[in-house]
Structure formats: structure tokens, C-alpha cells
Amino acid sequence: MKRKIMVVDDSRVVYAEMKKMLDGSEIEISGYCRSGEEALERYEEIRPELVTLDIVMPGMDGLDTCKKMLERWPDARILMVSSLAYDDTMDAAAEYGAKGFLYKPFKQDDLLEGIRKALPPAE
Amino acid sequence: MGATADIGWLCRVAENLACEIMQQMSGIRLESCSPSEGGDVVMDAVCALVDGDYQMKLQFCAERRMFVRLARNMIGREPEDGLEVQEYAAEFFNVLCGRFISQIHQTIRTSAQFFQTQYVASPNVRCLADEGPVYTLYFVSEQQELAEFSWTKQSIESLLRRNEEK
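Heads up: these notes are all about the structure in this document. (Residues numbered from 1 in each chain as written. Chains lettered and ligands numbered in written order. Predicted model: local features only at pLDDT ≥ 70, side-chain atom pairs only at ≥ 80, totals over all residues. Heavy atoms only, no water.)

**What to know about the overall build of chain B**
Inclusion rule: Under the DSSP-based scheme used, a helix requires at least four consecutive residues in state H or I and a strand at least two consecutive residues in state E, with every element numbered from the N terminus. In this treatment the radius of gyration is a C-alpha quantity, and the globule benchmark scales as 2.2 Å times the residue count to the 0.38 power. Between buried and exposed lies partly exposed: a residue is buried under 20% and exposed over 50% of the maximum accessible area for its type, with that area taken using a 1.4 Å probe on protein chains only. Residue exposure ignores everything except the shown protein chains as possible cover, and the areas themselves are Shrake-Rupley values with a 1.4 Å probe. When charges are counted, Lys and Arg contribute as positive and Asp and Glu as negative, whereas His and the chain ends are disregarded. Charge coordinates come from a single atom per side chain, which is NZ of Lys, CZ of Arg, CG of Asp or CD of Glu.
Of the regular secondary structure elements, chain B holds four helices and six strands. Element order for chain B, N to C, with α for helix and β for strand: α-β-β-β-α-α-β-β-β-α. A compact globule built from 166 residues would reach a C-alpha radius of gyration of about 15 Å, and chain B, at 16 Å, matches this within 12%. Principal-axis analysis of the C-alpha atoms gives chain B an extent of 50 × 30 × 25 Å. Within chain B, the fraction of its 166 residues that count as buried is 52%. Summed over all atoms, the accessible surface of chain B reaches about 7700 Å², with 44% contributed by carbon and sulfur. Looking at chain B, you have 15 positive and 24 negative side-chain charges, and the mean spots of the two groups are 4 Å apart.

Right, here's the structure in full:
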């Protein structure tokens, strides 16, 4: 059974790259949102096992989205994805409850490993 | 604090990141070259603004055929249209900018955000034309495509100088 993730990134390129890298694996993208606001609107409908969340987005940034998502859905699992690697950003994300941090650019192995580590144990 | 952070260091960081990220994302291999090899080549550009503890405008210029090849290599097929090429160029540049300002932050502990990534098609590439003095690094690919990575000097130069004086 496929593991379901939701990708949140304002760039369609990131979504396309992730889709390509996950093709053939046990992981599928069950939802794609282009903003933090859209992710908060659609989370309940999609109910992914994991959310990958970009940090730099127009409107609500990824850190704020992470905080709000975990306030509303404390069992949500979030993997932060960004090229911006500030220590305090990573610390803040971990403090809010994010399960990991993946740096861009990532290779297929990095993406698979990051997602698998952040997913809940399979039922 | 770590490495001595002066302009020479910043240029080396920028050069290494541009080459590494271009290679990893698209397989295109860049090498530094001298400006005289550029001539009057027509280029497109992606530009971004950095704001926070310092202000900087950045720009990556390349011959359009390089951006097309970047998109083609990443997608695995011919890009459908110019918009698709621009999206892939913008994502490459977003990653480059993020890593560049992250490296500045890690070394001199200063924060900034980047935004407003914009693709500008030739012949109207003037993103940094009226921004004062700039640093520019020049590159050539393995297929003889030319590229440049530039950023405005003033704010970051002051920051590095203050940091050296500490």
C-alpha cells in the first residue's frame, strides 16, 4: 500500500521533480499545494501521512505554516524542505515539531531517505 | 566564527555554489572564464532581491540555450514552452540564492531573506544596470554556453568589512 504525502511548495518544478523521483517507490503524492494557506485549507481533506513544506513562499511562510498545522493537527508529520539553511530556522522548525529538514538541491536518495525517516511507522 | 569572510571568500563561495548547483540540478558543467570570452552575447537573466541585515540584488545571466538545456535535462523531455523554461531557471536560481545567503549566514551570522525571483528575457536584461557597482563571475559550460553570476557590492561589502574589524 502506497504511503501518502502532501507537497507544499510555490514552485511547480519542485512538485514535478519530487514526483519523478518518487515514481516506482512506495511513496505517492496525494496532494500538492502552492501556499501555506492552501495547505491549511486542504490538509483535512487530504489527510497525508507526511507533509513536505517549503520555507520561502509568498504569503504565509513554511515555518508559520508548520506551527499552525501542528496546532490544528498535532499528529501531523512535517518535513521541511529548503535551500535556506539557517540554524535558527531549523531549530525553530524542530521546536514546533517538524520531523526533519531536507536541503535543496536534493538527489533521489536524499529525498527517499528523508521522507522514509519522517513517515510514521507503517501500520 | 570560522573562515575569514572577505570579498575573496564570497567570490569563491559564489563560484563553487554556481558550479555545484548547476551540475547537480541539470548535469551542466560550468567553469570559470574571463570576461573577454563573453563579448556581446545575448543573454536572459533571473534576478532576485535579498533583504534583512543587508540588502543585495542578485542576477544569473545565461544564453537562452543554456536555460533551455537546464529545463530539458531536469524534465527529461523538450520543454513545452518558454514559460516552462523560465520556471526551471527560476527554481535553479532560488536554490542558488538560498544556498548563497545561507553560506553568508553560517560564516558571519547575519540573516536575510530573498524574494521576487523574476525571469527577464533578452534583450531587456537590465536587472542590475542601475544598482551601482556589482561583482560578476563569468562561466562557460562544456557546450560553450556563457553565463554570469552577479550581485550588488555596497551593502554586503560594508557588512564583511565590519565583520573583519571585530
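**Here we look at the overall build of chain A**
Under the convention used in this document: Pairs of residues are marked as contacts when any of their non-hydrogen atoms sit within 4.5 Å.
In terms of helices and strands, chain A carries five helices and five strands. Order of helices (α) and strands (β) in chain A, N terminus to C terminus: β-α-β-α-β-α-β-α-β-α. In terms of C-alpha radius of gyration, chain A reaches 13 Å, essentially the compact-globule figure of 14 Å for 123 residues. Relative to its full complement of 123 residues, chain A shows a buried share of 54%. Residue pairs at least 24 apart in sequence account for 65% of intrachain contacts in chain A once pairs closer than 6 positions are excluded. Within the structure as shown, chain A displays about 5900 Å² of accessible surface, and the carbon and sulfur contribution to it stands at 47%. Measuring between centres, the 18 positive side-chain charges of chain A sit 4 Å from its 25 negative side-chain charges.

**Concerning the environment of A:Met6**
Residue and element names in this part refer to chain A. Structurally, Met-6 is set in strand S1 (residues 3-8). Once the C-alpha coordinates of Met-6 and Thr-52 are considered, the two residues, 46 residues apart in sequence, prove to be 6.3 Å apart. Apart from residues lying up to four places away in sequence, Met-6 is in contact with Gly-31, Cys-33, Ala-39, Tyr-43, Ile-46, Pro-48, Leu-50, Val-51, Thr-52 and Met-69.

**Side note on the nonpolar core**
Keep this limit in mind: By nonpolar core is meant a set of buried Ala, Val, Leu, Ile, Met, Phe, Trp, Tyr and Cys residues that side-chain atoms within 4.5 Å join together.
Ranked by size, the top nonpolar core spans 56 residues in total, and within it B:Phe60, B:Phe93, B:Phe100, B:Phe149 and B:Trp151 carry the most contacts. Ignoring any residue separated from it by four or fewer positions in sequence, one finds B:Trp151 in contact with B:Leu10, B:Cys11, B:Ala14, B:Met56, B:Lys57, B:Leu58, B:Phe100, B:Leu128, B:Val134, B:Tyr135, B:Leu137 and B:Ile156. Counting 24 residues, the second-largest nonpolar core is a separate cluster that includes A:Leu53, A:Met69, A:Met80 and A:Phe101.

**Concerning the interface of chain B and chain A**
Filter applied, for reference: Summed over both partners, the accessible area (1.4 Å probe) lost when two parts come together is defined as the buried area. A pair is scored as a salt bridge if a Lys or Arg side-chain nitrogen falls within 4 Å of a carboxyl oxygen belonging to Asp or Glu. We define a polar contact as two N or O atoms separated by no more than 3.5 Å, with the added condition that, inside protein, one atom must be a possible hydrogen donor and the other a possible acceptor, whereas residues neighbouring each other in sequence contribute only through side-chain atom pairs. Three classes are used, and their members are as follows: Ala, Val, Leu, Ile, Met, Phe, Trp, Tyr, Cys and Pro are nonpolar, Asp, Glu, Lys and Arg are charged, and the others, Gly among them, are polar.
Tallying the contact residues gives 22 residues for chain B and 18 residues for chain A. Summing both sides of the interface, chain B and chain A together bury roughly 1700 Å²; the carbon and sulfur share of this comes to 51%. Summed over the three residues of chain B that lose the most area to chain A, namely B:Gln24, B:Glu87 and B:Glu91, the buried surface amounts to 27% of that side. At the junction of chain B and chain A, the tally comes to three salt bridges. Among the salt bridges present, the one from B:Arg109 reaches A:Asp87, with a minimum N-O distance of 3.2 Å. For the pair chain B and chain A, the number of links is nine residue pairs in polar contact (both at pLDDT 80 or more). Breaking the side of chain B that touches chain A down by element, the ones donating at least two residues are helix H1 (7-26), helix H2 (64-75), helix H3 (82-108) and strand S4 (112-120) of chain B. Here the element with the most residues in the side of chain B that touches chain A is H3(B); it accounts for eleven residues. The residue inventory of the side of chain B that touches chain A, partitioned by class, reads nine nonpolar, nine polar and four charged.

**A word on the packing of helix H3 (residues 62-72) of chain A against helix H4 (residues 87-96) of chain A**
Residue and element names in this part refer to chain A. Stated precisely, the cut-off is as follows: Here an axis means a line fitted to C-alpha atoms, over the contact stretch when the element is a helix, while the angle between two N-to-C directions is reported on a 0 to 180 degree scale. Roughly parallel means an angle under 35 degrees; roughly antiparallel means over 145; roughly perpendicular covers 65 to 115; every other angle is labelled oblique.
Orientation of H3 relative to H4, taken along the N-to-C sense of each, is 10°, at an axis distance of 9 Å. Considered as vectors, H3 and H4 are oriented roughly parallel to each other. Of the residues in H4, those in contact with Leu-63, Cys-66, Lys-67 and Leu-70 of H3 are Thr-89, Ala-92, Ala-93 and Tyr-96. Of the residues that constitute the contact of H3 with H4, the class distribution is six nonpolar, one polar and one charged.

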